[in-house]
Structure formats: C-alpha cells, structure tokens
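# Observations on the three-dimensional arrangement
In case you want the letters, here they are:
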Amino acid sequence: MMTNCRYAVPAGDLVLHHYWMSPYAEKVRCILGFKHLPWKSVLIPVVMPKADLLALTGGYRKTPVLQIGADVFCDTDLIARVLDAVQPDPPLFPDGTEALCYALGAWQQQLFVLAFEMLGLGGAPMPDNFVEDRAKMFEGGLDVGRMVQELPAKRDQLRAKLDILERQLGDGRPFVLGARASLADFSLYHPIFALRALPATAAALEPFSAVLAWADRIAGFGHGTMQELSSAAAVEIARAATPQTGSSSDPDDPNGRLPGERVSVVHADFGRDPVVGELVASSVHEIAIRRRDERAGEVIVHLPRERYVVLPA
C-alpha cells in the first residue's frame, strides 16, 4: 500500500487523529471536504502524553495522523498523496501542478511559523503546559523572550507574505494557481485559519480582501462527513486489521536500503521523535516501517522521504 497506486478503501474507513484547533489538521479536514470523503474523527490531546496515538505511530507525535486499518500515515504532505490516491477526483494536483504545489507548501512553512508565533504572543487559549510541550519539539527549545523582542519584525514579515498572496489572487482567480483548487490552496489556507482564531491576529488580515474571500472559498468545502470515534477504538481497529502494505524495494534507492533492515526515521528539523522498526517498503517519496505494539498489534507506519532522515537502528 504505497501512494503511487489507487487505494481500495471502504467508505468510512479513513480515521483522522486530530484536534480542532490544529491548523495542519484543518488542512487535511478541508481536503476531506473537497473530496467529499467520509471519515472517523479521533480527538487527541493537544499536548503529551498521547498514549493511544503513540501506540499506533511508535513515536511520531505531531498532528494530524491518518489511519487506514493497520496502516498509519504521518505528515500532511504524505496524507495529501494518500487521499488523492483514495479519491482521485477532484485531483489535488490539477493540470500538472504538483511541483508548484509542493514548492508553495515549503513557502507556507514560513507563513505558518509567523502565524504560530503571533498567536502564541496574542493570548490564544492554550493548555497550561503548551509552551513547555512545544519547546521540546524544537532543537534548542523556544526562546519566548526573543519572540517578544522580534514581534515587530514578525508583523512586517507577515504583512509582506500576505501582500504576495493578495496580489496572486488579485486578478480575480478563484484559487491560488487558477480556476481549480489544488494542494497549494489547502497548504496556504491553514495558517490563515490559525490567524482568524483571534481578533488580535485576524486584524492583520483585514487589508487583504482577496485573501479573505479566497479563505472563505476554501472553508466552504467543509470537512466531509464525519463520525466520532474514541482513540481506544482506533487502536482496536489496528489490532483487528492486517496491514495492506506488502514488501517492496526501491531499485533506485541511492543508499541501497532493502526490506528487512531495521531503521529509524525522524523529521530533520521539528519534532524529532524517531519511529523505529523494520523497513517494509520504500519509494522515492515514502518509506513504510513495520512495528509491533502490545496494544495495537502489527502496524505499518508510513512517512515521507523529503525533510526526513533515515538511519540504521
């Protein structure tokens, strides 16, 4: 079960582990709405511990995570590829836009960091230990004092980025790359979703009418058809299922990795919690690792290749 093929997924078997205030989860929820997909909603804690989630992922703690039976998919870029394989129409990469979509996704990272810092300093309601929890995900931690000192510069940078997006949409196009929605829209929308959460940060959007109208169009896709599910029930789904991913090697792997090798996979920059297990399958964009958990049974965790580091374990 790799993302270069179409998946046969029974209706409602998509399980999204998320929490409602997560911007990255909103990116995926809107894609589910765009594709009119039914899904099960598992609400996870905003901060650690996340025992049921980690039973499935083996260490990956970021939000969201997509589960299909005993196959678990991490990182929104990979989740987007999976959902596009599950439901190819409407496509996330219309008219040959895949490269542009992922390039703009990288540009979005800077926009998201600006939104995250402004929200944090703007008094967004967070759990008491939120800053401490997130600081553990950054190499060197979070320097709140520096963030406060640099806030004026962050406002300047945010305004400049919003102006670029405003001018991109200013010719009347409905979506970032033209007449059809693409992954670029969902990637760029979720920081705007975050900024709209507080009056103080939403005010930064007011001069940008085209951006606001576009954001309303993306929000208008909705979230698809959702059914609530407990995290314990999601773990039981994994235990009862058989992973769909078969063993396969990447003949062009530049490092010569082969199925059966024990590896550790971790994000290169943010949230450096490794996933360790047996390499089952790999491709140019994805690596799948088999692991066994006392509660979840045998699961296969899928991670992207870009921005991730694979090491012998």
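So, here's what we can say about the structure.

About the criteria used
- Residues numbered from 1 in each chain as written.
- Predicted model: local features only at pLDDT ≥ 70, side-chain atom pairs only at ≥ 80, totals over all residues.
- Heavy atoms only, no water.
- Pairing = 2+ DSSP bridges.
- Helix = DSSP H or I, 4+ residues; strand = E, 2+ residues; numbered from the N terminus.
- Axes fitted to C-alpha atoms, helices over the stretch in contact; angles between N-to-C directions.
- Contact = heavy atoms within 4.5 Å.
- Buried < 20%, exposed > 50% of the residue type's maximum accessible area, 1.4 Å probe, protein only.
- Polar contact = N/O pair within 3.5 Å; in protein donor to acceptor, adjacent residues only side chain to side chain.
- Patch = residues over 30% accessible without salt bridge, like charges linked within 9 Å, V, L, I, M, F, W, Y side chains within 5 Å.
- Areas by Shrake-Rupley, 256 points an atom, 1.4 Å probe, with all protein chains shown as cover.
- Salt bridge = Lys/Arg side-chain N within 4 Å of Asp/Glu carboxyl O.
- Expected span 1.5 Å × (residues − 1).
- Bend = angle between axes of the 7 residues up to and from the residue.
- 1 Å grid on protein atoms, 1.4 Å probe; cavity = no way out; pocket = protein on both sides within 12 Å on 5 of 7 lines; lining within 4 Å.
- Points joined across faces, edges and corners; volume = space filled by probe spheres on them.
- Nonpolar A, V, L, I, M, F, W, Y, C, P; charged D, E, K, R; others polar.
- Parallel < 35°, antiparallel > 145°, perpendicular 65-115°, else oblique.
- Core = buried A, V, L, I, M, F, W, Y, C linked by side-chain atoms within 4.5 Å.

### Some words on the sheet that holds strand β3 (residues 65-68)
Strand order in the open sheet formed by 10 strands is β5-β2-β1-β3-β4-β9-β8-β7-β6-β10, and the pairing between neighbours is mixed. In the strand order of this sheet, the two ends are held by β5 (225-228) and β10 (308-312), each with one partner. Along the sheet, successive strands turn relative to each other by an average axial angle of 35°, direction set aside. In terms of strand pairing, strand β1 (residues 15-18) meets β3 through three bridges, oriented antiparallel. Looking at the pairing, L16 lines up with L66 of β3. Strands β1 and β2 (38-43) of the sheet are contacted by helix α1 (residues 23-34), whose axis makes an angle of about 155° with β1.

### Some points on the environment of D253
Positionally, D253 belongs in the loop between α11 (231-240) and β6 (262-267). With relative accessibility at 8%, the residue D253 sits in the buried group. When sequence neighbours within four positions are dropped, the list of residues in contact with D253 reads S282 and R305. A polar side-chain atom of D253 sits 2.7 Å from the main-chain amide nitrogen of N255.

### Let's talk about a nonpolar patch on the surface
Residues W20, L43 and M226 make up a contiguous nonpolar surface patch of roughly 280 Å² in combined accessible area. Take W20: it is sitting in the loop between β1 and α1.

### As for helix α4 (residues 98-121)
With 24 residues, α4 extends 35 Å between its outermost C-alpha atoms, agreeing within 8% with the 34 Å of an ideal straight helix rising 1.5 Å per residue. Along its length, α4 shows its largest kink, about 25°, at W107. Of the residues making up α4, those classed as buried are C101, Y102, G105, Q108, L111, F112, L114, A115, E117, M118 and L119.

### Observations concerning the side chain of Q67
By the secondary structure assignment, Q67 is in strand β3. In this structure Q67 comes out as buried when scored by relative accessible area, which is 0%. One polar contact links the side chain of Q67 to the main-chain carbonyl oxygen of G69, over a distance of 2.9 Å. For Q67, the side chain forms a polar contact with the main-chain oxygen of A234, separated by 3.0 Å. The residues contacting Q67, other than those within four sequence positions of it, are D13, L14, V15, H17, L56, V72, A234, I237 and A238.

### Re empty space enclosed by the protein
Regions of empty space are outlined by a rolling probe, equal in size to a water molecule, passed over the atoms. Counted under the stated rule, the structure contains one cavity of 30 Å³ or more. Space inside the largest cavity adds up to approximately 80 Å³. Taken together, D77, L78, R81, Y102, H285, P304, R305, E306 and R307 form the lining of the largest cavity. For the lining of the largest cavity, the element with the highest residue contribution is helix α3 (residues 76-86), accounting for three residues. Within the lining of the largest cavity, the residues separate by chemical class into three nonpolar, one polar and five charged.

### What to know about the packing of α4 against helix α8 (residues 183-195)
It is at 9 Å that the axes of α4 and α8 come closest, and there the two elements cross at 5°. In terms of orientation, α4 lies roughly parallel with respect to α8. For the pair formed by α4 and α8, the contact residues are C101, Y102, L104, G105, W107, Q108, L111, F112, A115 and L119 on the first element and L183, A184, S187, L188, H190, P191, I192, A194 and L195 on the second. Among the residues forming the contact of α4 with α8, the class breakdown is 15 nonpolar, four polar and no charged.

### Section: unusual backbone geometry
Cis geometry is found at the peptide bond from T63 to P64, where omega equals 0°. Relative to the helices and strands, P64 is located in the loop between α2 (51-57) and β3. Residue D89 is joined to P90 through a cis peptide bond whose omega torsion reads 0°. Structurally, P90 can be placed in the loop between α3 and α4. In this model, D95 sits at a positive phi of 60°, which is unusual for a non-glycine residue.

### Looking at the environment of P251
Checked against the element boundaries, P251 lands in the loop between α11 and β6. A sequence separation of 32 residues divides P251 from S283, and the C-alpha atoms of the two residues are 8.7 Å apart.

### Re the nonpolar core
Grouped together as the largest cluster of nonpolar side chains are 51 residues, with contacts concentrated most on L14, L66, L83, I192 and W214. Counting residues per element, the ones that place at least two in this core are α1, β3, α3, α4, α7 (151-169), α8 and α10 (209-219). Among the elements that take part in this core, α8 stands out by supplying eight residues, more than any other. In this view, W214 contacts L165, L169, P174, F175, V176, D185, L188, Y189 and I192; residues no more than four positions away in its chain are not counted.

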